[in-house]
Every structure is written in C-alpha cells, then in structure tokens.
Amino acid sequence: MTSPDLNLLFALDVLLAEGSVARAARRLRLSPSAMSRTLARLRDATGDPLLVRAGRGLVATPRAEELRQQVGTVVQNAEALLRPVRLLDLSRLDRVFTLRTNEGFVEEFGPGLVARIEVDAPGVRLRFAPKSDKDMMSLRDAEIDLEIAVAGETGPEVRIQALFRDRFIGAVRAGHPLGEGVVTPERYAAGRHISVSRHGREKGPIDDALAALGQQRTVVCMVSGFSAALAMARASDLIASVPERHTEGARAGMHSFPLPFATMEVTISMLWHPRLDADPAQRWLRDRVREVCASR
C-alpha cells in the first residue's frame, strides 16, 4: 500500500477555506488546471467529491464539512512543527501589526496601547484599520492581525478571547434638562435623539427596550460613529446613547447618566486566526492588548 501524499492536506485546507478552485489556485500560486488536477486526486483519495457545483459556485459536501476543521488543525500543527523555535527579542522586533476596530476603541485604548508597546518594542508600529463588514477572510489571510469587536458568528477557525464588558449610557451637554432630577423612561423618550448605526438603521435594541415599556423616542438624525454622536450632543439639546467604557474620554465635560431601563451588556473581544496562535510576537501583542484593557 502506497503512503498518501501529505501535500494534499495543505491543498485540501485551502480548497475548503476558499470554496473555489480559482481562488485556491491563486493562494497556492498554481494554475487553475493544476488545482483542478489536485482536486481530482483529493476526490480519489477520500472517495468523495468534496466540492460540487451549485449554480456558478461550488459547495462543500457533508464529508467535506466534517473534514474542514480536522484538516485545518492538522495543517496548523504541521506548520508549527516545521517552524524554527526562536526567542523573541522585543528590542529588535521590527513589525507593523494591524488591528481592526472602531474609532471608540482607538480613542480610549489606543494611546495606552501605543505607550505600552513602545516600552517593550520601540520598533513596532500599530496600524488601526477602520471597521467595515465583518470579513473573516482578512483574518485568515493575515491582512488583519487582530479584530477588536463584539464577536458574532465567526466560524470554527477563529480564536476569540473576551476583553471586557460594556453597557450603554446616555450623554447630554452640560446644562441639559436631563442633568437635573431623575431620568425616567418617559423623560428620556421625550427628548430628541441621535441614533448610531454603521448601516444607517434608525432603530435598535434601545428602541426595543423602550417599546416594552410603552415608550417611543424620536430620532432626529443618524450617524455612523459614537464620536460624531457625542460631538453633536455636546453642541445641542440632542441625546446620545453610547457605550460607557468606549467613550469615557470623549464624554469629558458632558453629563452622563444610566439609561432608565434594562439594556443588554455587550462583550468586547479580540479575534485572531489560529495560524497566528503560536507566533511569539502575536502572543506578546495579545498580552499587551489584554493588559491595557484591564487597566482601564
């Protein structure tokens, strides 16, 4: 019995990740015809078609779905075995790490993180990338080192670690009527509000919580970020509802108050691809992020 070609495992990992012969060929720097021949060999080896035509694309068979996580783990372990062990010399580390996060995290935690990293590794630079739609491909392809976000459905290949919990509060200008007396659901709902949504949505969980109390707020404008909402509230009688820890510095000089109804807390996490799990520099970076978030 001949030994199986273990190189097929690396090809299978990429094919299942991409779901496309053409994209897999580009990642492996092969021609599409060579990639098609490799897929044919994988089908012979596993006795399963693995990827089948559905419209203009390919979909994984049930057997391929079973293999997806297993082969990913095998490939990662193989890469770790063949990677030379190096001691991390932070004083000589010269790298750019890309963190994808929202502007609130950059404003509140960015200065402390940069200062903490400069102490250990003056040659390291941080690139804070703006958030768009949650695209796990950029994590897998190492275009993004860390994602800082509220973790949703990410797939089995992404590592997640919680950093802290945050809650929403109200913020108004100094001297605003809500700065005096008890803020009730009725007083809160009676004001004019700013809605924050990257996708331009007018309503969200706050409106659902108010509706459960028989209340409805009036949203007069929508912005894409919490900094913009606070800037508008600071210069008007509008009410901004923002995450507490993400906006501590940006709310300086404003009046903040707990929302007068129950809202769900959110857990802010960092996400990374397991391919970077054992990298010493990546581990050091994740430790620094955890330290800075814990210190606040």
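## Here we look at the pattern of salt bridges
The tally for this structure, following the rule as stated, stands at 19 salt bridges. The salt bridge involving R100 is made with E147; its shortest N-O contact spans 2.5 Å. With R100 in strand β3 (residues 96–100) and E147 in strand β5 (residues 146–150), the pair connects residues that are 47 residues apart, well separated along the chain. Look at R100 and you get buried, because its relative accessible area is 5%.

## Describing the pairing of β3
Extensive coverage of β3 is indicated by the burial of four of its five residues. Relative to strand β4 (residues 125–129), β3 runs parallel, the two being bridged by five bridges. Opposite V96, over in β4, you have R125 as the bridge partner. Pairing between β3 and β5: two bridges, direction parallel. If you follow R100 over to β5, its bridge partner there is E147.

## A look at the sheet that holds strand β12 (residues 266–272)
As summarised here, the arrangement of the five strands in space is β4-β3-β5-β12-β6, forming an open sheet in which the pairing is mixed. Only two strands of the sheet have a single neighbouring strand rather than two, namely β4 and β6 (159–166). Ignoring which end each strand starts from, the neighbouring axes of this sheet average 25° apart. Looking at chain direction, β5 and β12 are connected through four bridges and run antiparallel. For I148, the partnering residue across the bridge sits in β12 and is M270. Set on the sheet, helix α5 (residues 103–120) makes contact with β3, β4, β5 and β6; between it and β4 the angle comes to about 165°. Packing against the sheet, helix α10 (residues 280–295) makes contact with β3, β4, β5, β6 and β12, and its axis sits at approximately 50° to β3.

Scoring rules and cut-offs
- Residues numbered from 1 in each chain as written.
- Predicted model: local features only at pLDDT ≥ 70, side-chain atom pairs only at ≥ 80, totals over all residues.
- Heavy atoms only, no water.
- Salt bridge = Lys/Arg side-chain N within 4 Å of Asp/Glu carboxyl O.
- Helix = DSSP H or I, 4+ residues; strand = E, 2+ residues; numbered from the N terminus.
- Buried < 20%, exposed > 50% of the residue type's maximum accessible area, 1.4 Å probe, protein only.
- Pairing = 2+ DSSP bridges.
- Axes fitted to C-alpha atoms, helices over the stretch in contact; angles between N-to-C directions.
- Contact = heavy atoms within 4.5 Å.

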